[in-house]
Amino acid sequence: MSKSIPKSTPSGKSTEAVIGSDGRHPDEITVLQSTSNLRQTKMINADGSSEGAINDTLFRHLYVPVPTLSAIEKVLRQLQDGLTCFVIRGRAIDAAGEIHRRKWAGEGVPLEDIRRKWIMVDIDKPVCDPRDDWQDNPAELVKEIVRKALPDEFHNAGVVWQWSSSMGVKPGTIKVHLWFRLNTAIDSNTAKLWLSPW
């Protein structure tokens, strides 16, 4: 059964972190928050213009348990109005406080890849041509996207979806985040190899 994340229903509740967790558990999700409260999301204006995220270099981090698809949905609902936050697959290398963001690997890198039992697939391409009334029945469109854009293993799986802020702005292009639970924990490189033919 598919589940949607409508933008119009904020939960108003804070995300429940795992106190004392080191972020290694495969059923956890890592949330980063700008320490300067800068917006970390793209904004689409009514006239179709857009404003990019405001880069920050310092982030707080917390780990949240997501042992089920419903738990992933709950976290995403809690974060949907948190414009200063975003989710990553990795974990902080040391558990101390704030993370300095950088765009290169090597010595001193603050994050490391970790095996997770969830995956988010970012669809940003012309997978199919949505009907004009796609918002009236988004679940059917999501099923079509999964069938056309992902391997067979995903076709009958439960999914949580989030439309990107620019979905519907460019005709014919699908912009959605698809979240799945996995039977086996995998790292990011394994996920990329698995999905690269698609």
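Residues numbered from 1 in each chain as written. Predicted model: local features only at pLDDT ≥ 70, side-chain atom pairs only at ≥ 80, totals over all residues. Heavy atoms only, no water.

Considering the sheet that holds strand β6 (residues 85-88)
Here four strands make up an open sheet; going across it, the order is β6-β2-β5-β8 and the pairing antiparallel. Every other strand in the sheet has two partners, leaving β6 and β8 (99-100) as the edge strands with one partner each. With two bridges joining them, strand β5 (residues 58-65) and β8 adopt antiparallel strand pairing. Among the inter-strand pairings, F59 is bridged to a residue of β8, identified as I99. (Pairing = 2+ DSSP bridges. Helix = DSSP H or I, 4+ residues; strand = E, 2+ residues; numbered from the N terminus.)

Observations regarding the pairing of strand β11 (residues 159-163)
Within β11, five of the five residues are buried, which leaves the element mostly enclosed by the surrounding structure. Judged by which residues are buried, β11 turns out to be covered on both faces: V159, W161 and W163 on one side and V160 and Q162 on the other are all buried. (Buried < 20%, exposed > 50% of the residue type's maximum accessible area, 1.4 Å probe, protein only.)

Overview of the packing of aromatic side chains
Remark: the centre distance and the inter-plane angle together describe each pair of aromatic rings, the angle taken between the planes. The full count for this structure, using the stated rule, is four aromatic pairs. Ring geometry for F154 against F180: centres 4.6 Å apart, planes inclined by 65°, an arrangement best described as edge-to-face. Note that F154 is positioned in the loop between α2 (138-149) and β11 and F180 in strand β12 (residues 174-186), a separation of 26 residues in sequence. Chaining the aromatic ring pairs together yields one cluster made of F154, F180 and W194. The ring of W118 carries the charged tip of R89 above its face, separated from the ring centre by 5.4 Å. (Phe/Tyr/Trp six-rings, centres within 6.5 Å; stacked < 30°, edge-to-face > 60°. Lys NZ or Arg CZ within 6 Å of the ring centre and 35° of its normal.)

Brief notes about the pattern of salt bridges
Should their charged atoms come close, side chains of opposite charge can pair. One pass over the full model with this rule turns up seven salt bridges. With its nearest N and O atoms 2.4 Å apart, the salt bridge here joins R91 to E112. Separated by 21 residues along the polypeptide, R91 in strand β7 (residues 91-92) and E112 in strand β9 (residues 111-112) bring together distant segments of the chain. Exposure remark for E112: the relative accessible area of 27% places this residue in the partly exposed category. (Salt bridge = Lys/Arg side-chain N within 4 Å of Asp/Glu carboxyl O.)

Describing helix α1 (residues 69-79)
Within α1, eight of the 11 residues are buried, leaving the element largely enclosed by the surrounding structure. Turning to α1, its buried residues are L69, A71, I72, E73, V75, L76, Q78 and L79.

So, the environment of P26
Structurally, P26 can be placed in the loop between β1 (2-4) and β2 (28-34). Measuring from C-alpha to C-alpha, the distance between P26 and D187 comes to 9.7 Å, with 161 residues separating the pair along the chain. Discounting residues that sit within four places of it in the chain, P26 has contacts with R115, R116, K117, W118 and A185. (Contact = heavy atoms within 4.5 Å.)

Some thoughts on the pairing of β2
Counted residue by residue, β2 has six buried out of seven residues, so it is predominantly covered. Inspection of the sheet shows β2 paired to β5 by seven bridges, in the antiparallel sense. Across the sheet, the residue bridging to Q33 is R60, located in β5. Relative to β6, β2 is paired through four bridges, and the arrangement is antiparallel. By the bridge assignment, Q33 is partnered in β6 with C85.

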